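# Tertiary structure, described
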Amino acid sequence: MLVRAGYIRQLAAGLYSYLPLAHRSLRKIEQILREEMDAIGGQEMCMPVVHPAELWQSSGRWYEIGDEMGRLTDRRGRDLVLAMTHEEVVTNLCKTEIKSYRQLPQMVYHMQTKFRDELRARGGLIRVREFVMKDSYTLDVDLAGLQKQYQAHYDAYYRIGARVGLSLVAVQSDPGMMGGKIAHEFMYVTPIGEDSLAICEETGYASNLDVATFRKKPDDNGAPQPLTRVHTPGQSTIAMVAAYCGVSTRQTAKMVFYMGDFGPEPPPKLIAAVVRGDLEVNELQVRYKVGAQAIRVAEADEIEAAGCVPGYASPRNIDHDRAIVIVDDLVATSSNLVMGANERDYHFTGANYGRDFEADIVAPIALAYDGAPDPIAGRPLKIVRGVELGNIFQLGTRYSDSMGAAYTDEKGTEHPIVMGSYGIGVGRTLACVAEEYSDDYGMDLPISVAPYHVILISLGRTGKVREKAEALYDALCKAGVEVLYDDRDASPGVKFADADLRGMPLRCTISARSLKRGGIEFGRRRSKQLEIVTLDQAVTRIQAAIQTCFDELAQHLDDLPTWATHVQDPAEAAVSWPEKVQRPHRESAGLAECG
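Note that the structure is predicted; figures quoted are calculated from it, not measured.

### Focus: the sheet that holds strand E14 (residues 253–261)
Pairing is mixed across the open sheet formed by five strands, whose spatial order is E16-E14-E15-E17-E20. For this open sheet the edge positions go to strand E16 (294–297) and strand E20 (361–363), each flanked by a neighbour on one side alone. Sheet twist, expressed as the mean angle between neighbouring strand axes with direction ignored, is 30°. The pairing of E14 with strand E15 (residues 269–276) spans eight bridges and is classified as antiparallel. The partner of Tyr258 across the bridge, within E15, is Ile271. Across the face of the sheet, helix H7 (residues 283–290) comes into contact with E14, E15, E16, strand E17 (323–328) and E20 while running at roughly 125° to E17.

Now the structure itself:
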């Protein structure tokens, strides 16, 4: 839609040029971000796109991040990094600029180009390689200060979403390459989303599926039965063996194999993950629990090297020197399971953890599923798709410790600076708004994001119609109205179709017919009901309609979720599931002093 409407043009995979319409919309989004960051005490700055590799090496991320990092060398052979984010640069500034507790707290932000060499750039502006992000950073003396600034960002991100006309949902998330312990993603829920979310509208629980938890209750399969080897010819899937043995898939266990990369020194090692047969493995949790830097699906020969038979694998006779066995806690508390016997065409029945097989690690590694009981009240979870619009991270001292950024307290004792990081993608925001506010004919963008407030269409090439259109255009410009004037030598059908496509929320048309009826035709892009407004009242009427559009965005402002009212336990990230709420342009409260 953005391509058809003349907003963007693709240069290469994940690389886009932003044409004048998109540029205006992006600047408006940036201004909303700027005002909301200023309102919570932020100070705007700008940091470089190209970084010395030494900074990323000192934080450790040079070695942790793979091919998505843009690495290059200058003419002197020095390694450089194309900025993926700016934690290292901010931390380096802390080392030179902050010495005393009197200089804290602080909050800085910028809007800068980033580069991530995505394996598969897709979804238009949803996942690109080069993009502009607003990222802000908070600096505090202790965890209490970090939490205060984190909560301020949490609330501000909901306001930002409302101001651009999007209803967001804050979900607990994986800190990933950013580090730290607590993180939230702000999601726009949509079927086109590339992230899976587990939400419960009844309790307000919301989490990225990768870190979602759910209540588990072991099935009562009776007292432990003897372990029995059963001939199961050709029954190599969970569904097949369950039917063959006359049990539910809930009474089976399955093994999923991965190869784990544990860093430059230790060689890769097989990981055998065991979950109940009706559930799936949460790969992220497996990686975290075994301490691997990365995992991939294992090949058959790698599985066989540990003494396992693909399709009939079992943790019972596995070589623990060659494999790490990690068992889901639900399997460890369930009795009389059916599982592989590590022999082709054979399974065990009556398998019980502790007596018949053991694990190196027992941990919750099962993936949450649609209908799973949520961790707050056991109500059903719903799995939906979403686009990550923004994220916030409590970094703690992850960077200040590794890079030596410290302050001295009242007694002269040195402490690491406590940090937070917060980002929103500007282009991705535009993409989500376009997705939300589109129909079969084009876009109907919110007044706060649309490139222009109103489109003026002249259906007369010469004479009185053209004269009146030119006069109205001049009057609107002098009144400060953002107006796009379509004076092309094109047919009415082409002009109306392009107006529908490009998304300006208000439209006025001057034609011989409208003048005969008393003035201009005026109305909403989405409305079929147009009114005739006299020329002498046109500017006032258009200004009033613009204000009405902003007022409509503002009407649910007081109902937005906040940290104080909707998050009781950060670890659970229980939040409200908001209605469609929208927020207008709002003046900044000004730049708060820091330190």
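### Let's talk about the sheet that holds strand E28 (residues 520–524)
Taken together, five strands build an open sheet; the order of strands is E26-E25-E27-E28-E29 and the sheet is mixed. For this open sheet the edge positions go to strand E26 (483–486) and strand E29 (531–533), each flanked by a neighbour on one side alone. Across the sheet, the mean angle separating the axes of adjacent strands is 25° when strand polarity is ignored. Across the sheet, helix H13 (residues 492–502) touches strand E25 (454–458), E26 and strand E27 (506–510), and the angle it forms with E25 is around 175°.

### A short note on the pairing of E27
The side chains of a regular strand alternate between both faces of the sheet. Extensive coverage of E27 is indicated by the burial of five of its five residues. Pairing of E25 with E27, which is carried by five bridges, proceeds in the parallel orientation. For Ile455, the partnering residue across the bridge sits in E27 and is Arg507.

### Points about the side chain of Thr429
One can find Thr429 in helix H11 (residues 426–436). Judged by its relative accessible area of 2%, Thr429 is buried. Separated by 2.7 Å, the side chain of Thr429 and the backbone oxygen of Gly425 make a polar contact. When neighbours within four sequence positions are excluded, Thr429 is seen to be in contact with Ile29, Val164, Leu166, Leu389 and Ile424.

### Focus: the pairing of strand E7 (residues 106–115)
Across the 10 residues of E7, nine count as buried, placing the element largely inside the fold. Of the pairings in the sheet, the one linking strand E3 (residues 43–44) to E7 comprises two bridges and is parallel in character. Bridging across to E7, Glu44 finds its partner in Tyr109.

### Examining the packing of helix H1 (residues 20–39) against H11
Put simply, H1 and H11 touch, their axes get as near as 10 Å, and they point 110° apart. With respect to each other, H1 and H11 are oriented roughly perpendicular. Of H11, the residues touching H1 (which contributes Ala22, Ser25, Leu26, Ile29, Glu30 and Leu33) are Val426, Gly427, Thr429 and Leu430. Taken together, the residues of the contact of H1 with H11 break down into six nonpolar, three polar and one charged.

Definitions and cut-offs
Residues numbered from 1 in each chain as written. Predicted model: local features only at pLDDT ≥ 70, side-chain atom pairs only at ≥ 80, totals over all residues. Heavy atoms only, no water. Pairing = 2+ DSSP bridges. Helix = DSSP H or I, 4+ residues; strand = E, 2+ residues; numbered from the N terminus. Axes fitted to C-alpha atoms, helices over the stretch in contact; angles between N-to-C directions. Contact = heavy atoms within 4.5 Å. Buried < 20%, exposed > 50% of the residue type's maximum accessible area, 1.4 Å probe, protein only. Polar contact = N/O pair within 3.5 Å; in protein donor to acceptor, adjacent residues only side chain to side chain. Parallel < 35°, antiparallel > 145°, perpendicular 65-115°, else oblique. Nonpolar A, V, L, I, M, F, W, Y, C, P; charged D, E, K, R; others polar.

As far as function goes, none of this settles anything; it's purely spatial.
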